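Next come the chains, spelled out residue by residue.
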Amino acid sequence: MSGTGTTAGDDPLQTAVWRLRSRGCWTDAAALLASREGARAALQRTSLLVERCLFTGDGWSEAEDGLRTAEALAVEDDDRGAAACERGQLAYASTVLGVRDRADEARTALGRAAALLAPNASGRPLLDFRRGLVAEHLADSPQAARAAYRRAHAGATAHGDSLLLSFTWRHLAGLALREGELAEARHGFAESLRIREELGYLVGTAPALAALADAEPEPEAGRLRAEAARLFRLMGGVPSWLAQHLSPPAPAA
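These figures come from a predicted structure and were not determined experimentally. (Residues numbered from 1 in each chain as written. Predicted model: local features only at pLDDT ≥ 70, side-chain atom pairs only at ≥ 80, totals over all residues. Heavy atoms only, no water.)

Colleague: Whenever I open this one, the packing of helix 5 (residues 77-96) against helix 6 (residues 103-116) confuses me. Can you help?
Modeller: One way to put it is that helix 5 packs onto helix 6 with a least axis distance of 7 Å and a crossing angle of 160°. One element, helix 5, and the other, helix 6, form an angle in the roughly antiparallel class. Crossing angle aside, the handedness with which helix 5 passes helix 6 is left-handed. Contacts from Asp77, Arg80, Gly81, Ala84, Cys85, Arg87, Gly88, Ala91, Tyr92 and Thr95 of helix 5 reach helix 6 at Ala103, Glu105, Ala106, Ala109, Leu110, Arg112, Ala113 and Leu116. (Axes fitted to C-alpha atoms, helices over the stretch in contact; angles between N-to-C directions. Helix = DSSP H or I, 4+ residues; strand = E, 2+ residues; numbered from the N terminus. Parallel < 35°, antiparallel > 145°, perpendicular 65-115°, else oblique. Left-handed = near helix turned anticlockwise from the far one by under 90°. Contact = heavy atoms within 4.5 Å.)

Colleague: Sorry if this is basic, but what is going on with the packing of aromatic side chains here?
Modeller: The description of two aromatic rings rests on the distance between their centres and on the angle between their planes. Here the structure, examined in full by the defined rule, presents five aromatic pairs. With centroids separated by 5.3 Å and ring planes inclined at 45°, the aromatic side chains of Trp26 and Phe55 adopt a geometry described as tilted. Taken as a pair, Trp26 in helix 2 (residues 26-32) and Phe55 in helix 3 (residues 39-56) lie far apart in primary sequence, 29 residues in all. Across the pair, exposure class does not vary: Trp26 and Phe55 are buried alike. (Phe/Tyr/Trp six-rings, centres within 6.5 Å; stacked < 30°, edge-to-face > 60°. Buried < 20%, exposed > 50% of the residue type's maximum accessible area, 1.4 Å probe, protein only.)

Colleague: Any chance you could explain the nonpolar core here in plain terms?
Modeller: Proteins that are soluble and globular tend to have nonpolar side chains buried together. By size, the foremost hydrophobic cluster in this structure holds 50 residues, and its most contacted members are Leu48, Leu90, Leu127, Phe129, Tyr149, Tyr201 and Val203. Listed in part, the 21 residues of the second largest apolar core include Ala185, Ala206, Leu231 and Leu246. (Core = buried A, V, L, I, M, F, W, Y, C linked by side-chain atoms within 4.5 Å.)

Colleague: Whenever I open this one, the side chain of His153 confuses me. Can you help?
Modeller: One can find His153 in helix 8 (residues 142-159). Apart from residues lying up to four places away in sequence, His153 is in contact with Leu165, Thr168, Trp169 and Leu172.

Colleague: Explanation requested: the packing of helix 5 against helix 7 (residues 124-138) in the structure shown.
Modeller: Each packed pair of helices is defined by two parameters, the angle between the axes and the distance between the axes. Interhelical geometry of helix 5 versus helix 7 gives an angle of 25° and a closest axis separation of 11 Å. It follows from the interaxial angle that helix 5 and helix 7 lie roughly parallel. The element helix 5 and its partner helix 7 pack so that their crossing is left-handed. Residues Cys85, Glu86, Gln89, Tyr92, Thr95 and Val96 of helix 5 form the contact with helix 7, whose participating residues are Leu126, Leu127, Arg130, Leu133, Val134, His137 and Leu138.

Colleague: Please explain helix 6 as it appears in this structure.
Modeller: The α-helix advances 3.6 residues per turn, and as a result positions three or four apart in sequence lie on the same side. Relative to the 20 Å expected for 14 residues at 1.5 Å per residue, helix 6 spans 20 Å between its end C-alpha atoms, a close match to the ideal helical length. Every buried residue belonging to helix 6 is among Ala103, Ala106, Ala109, Leu110, Ala113, Ala114 and Leu116, and all of these are buried. Taken end-on, helix 6 shows its buried residues confined to a sector of 165°, consistent with a single buried face. Residues Asp104 and Ala115 are exposed on helix 6 and point more than 90 degrees away from its buried face. In this fold, the buried residues of helix 6 make contact with helix 5 and helix 7. (Expected span 1.5 Å × (residues − 1). Arc of directions from axis to C-beta.)

Colleague: Mind showing me how you'd approach the environment of Thr46 here?
Modeller: Relative to the assigned elements, Thr46 resides in helix 3. Sequence-wise, Thr46 and Asn120 are 74 residues apart; in three dimensions their C-alpha atoms are separated by 23 Å. Ignoring sequence-local partners within four residues, the contact set of Thr46 consists of Gly66, Leu67, Ala70 and Glu86. A polar contact is formed between the side chain of Thr46 and the backbone oxygen of Ala42, at a distance of 2.9 Å. (Polar contact = N/O pair within 3.5 Å; in protein donor to acceptor, adjacent residues only side chain to side chain.)

What follows is the structure, given as structure tokens:
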């Protein structure tokens, strides 16, 4: 799921959904949409519940139920493609978090989404980003991941999707850091953090701080990690996968 729900003229309901989502209250945000009918509302509810799984490692059955509803309601290719994209993301989350290996399902679902979504569809940049995640973290193919992230970055720019840009900046920077390109990594991580702070995406700010810390020397790295740890505690330990990253290294034996 991308988009912010914060631009002028937005539906007040969408603004309320964004505020809850940005603070990690995905279940409450999904509940606000219960009165909305149709495929698009079902897809948005599903997106929130899938994101909750990735950030918390919890809520799998609710996400599966929501996904089945969205798939049943989807008639148009764009909606069917978006539902397939969410199925791919849920399978990816399950695999990368070690809940259950669903890597094949993730690849198949994202491939189906690619066949259904038109090249200029609004959901295409998010699909490209998620295919990059699979390439990087499940296939260990940084070259393919970089190509997918760049397509997603260009698409997010064209569609004005600032939140997705914060993700593409971060993951492109992660690949740069992996190759020792510190200046490029710092720039990308800093852009990701800037966008998330401007949007008020609180639940994603601690990971952005921790990522930037990895590319900075001390004492700046320590300051950034301390701020990330403070926000992580404020958010009640979400995202759950960040805990290990923020843990101090074990003392030498």
